[in-house]
Structures are given as structure tokens and as C-alpha cells.
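Notes for the structure review
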Amino acid sequence: MLIMVLDAKCVMCSKNATVNDDMKEVSCTHCGFHSSYDEYIELMKEKALNMSTDFQINLDKNPL
Ligand SMILES: [Zn+2]
């Protein structure tokens, strides 16, 4: 299962998180969440399993 997240969503507070330029770190200015990108992906996978329906719907939406 591969999830590419460029515009990251914070796993802690669900607000916008920032992925740094080399895609190695994710940080959230809203709640102070900070982790490596790999760790972030693992957290997102766990979250996706818990709410797979919502996650699928979001992936199907194409903003372009
Ligand atoms: Zn946050």
C-alpha cells in the first residue's frame, strides 16, 4: 500500500501539516506534531485503516 502525501494532514489535529522539501520530515505548526516522513506514513496507514471509507472518498476526489 503506497500513499503519497504532498499536502499532508496532521495525524494529531487533522489540520494542514508541512512536509519539508526533501520529503523526510513532517511537522504541524498547529499542535506541534513532528516526525519523520516514514513514521508519518505509518501513522496515516493506521488512521486509514480505522476510517477507510472516508479516506477512500478523499482519494477519489480530484480537485483539478
Ligand atoms: Zn497538528
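These figures come from a predicted structure and were not determined experimentally. (Residues numbered from 1 in each chain as written. Predicted model: local features only at pLDDT ≥ 70, side-chain atom pairs only at ≥ 80, totals over all residues. Heavy atoms only, no water.)

1. Considering the nonpolar core
- Among the nonpolar cores identified, the biggest contains 12 residues, and these are Ala8, Cys10, Val11, Ala17, Val19, Val26, Cys28, Phe33, Tyr37, Tyr40, Ile41 and Met44.
- Considering every element that reaches this core, the biggest residue donor is helix H1 (residues 37-50), with four residues. (Core = buried A, V, L, I, M, F, W, Y, C linked by side-chain atoms within 4.5 Å. Buried < 20%, exposed > 50% of the residue type's maximum accessible area, 1.4 Å probe, protein only. Helix = DSSP H or I, 4+ residues; strand = E, 2+ residues; numbered from the N terminus.)

2. Remarks on the pattern of salt bridges
- Overall, the coordinates contain one salt bridge when judged by the stated rule.
- The shortest N-O distance in the salt bridge between Glu42 and Lys45 comes to 3.5 Å. Residue Glu42 and its partner Lys45 are both found in helix H1; the two are separated by three residues, about one turn of the helix.
- Classification of Glu42 by relative accessible area gives partly exposed; the value is 43%.
- A residue is classified by how much of its surface remains accessible, and Lys45, at 24% relative accessible area, is partly exposed. (Salt bridge = Lys/Arg side-chain N within 4 Å of Asp/Glu carboxyl O.)

3. Overview of the coordination of the zinc ion
- Protein-derived coordination of the zinc ion comes from Cys10 (SG), Cys13 (SG), Cys28 (SG) and Cys31 (SG), at a distance range of 2.3 Å.
- With four donor atoms in place around the zinc ion and angles of 105 to 114° between them, the coordination shape is tetrahedral.
- Donor residues for the zinc ion sit on one chain with the sequence pattern C-x2-C-x14-C-x2-C. In this pair, Cys13 is assigned in the segment before strand S1 (18-19) and Cys28 in the loop between strand S2 (25-27) and strand S3 (34-36), connecting sequence segments 15 residues apart. (Donors = N, O, S within 2.8 Å, 3.2 Å for Na, K, Ca; no water. Tetrahedral: all angles 85-135°; square planar, octahedral: opposite > 155°, others 65-115°.)

4. As for the confidence of the model for the protein chain
- Averaged over all residues, the pLDDT of the protein chain is 80; the fraction at 70 or higher stands at 70%.
- At the low end of the mean pLDDT range in the protein chain sits helix H2 (residues 52-60), at 59; at the high end sits S3, at 95. (pLDDT = per-residue confidence, 0-100.)

5. Thoughts on the packing of aromatic side chains
- In the structure shown here, the tally under the stated rule is one aromatic pair.
- Arranged with centres 6.2 Å apart and planes meeting at 35°, the rings of Tyr37 and Tyr40 form a pair that is tilted. Linking Tyr37 with Tyr40, this pair stays in helix H1, spanning three residues, or about one helical turn.
- Taking relative accessible area as the criterion, Tyr40 reaches 0% and is therefore assigned buried. (Phe/Tyr/Trp six-rings, centres within 6.5 Å; stacked < 30°, edge-to-face > 60°.)

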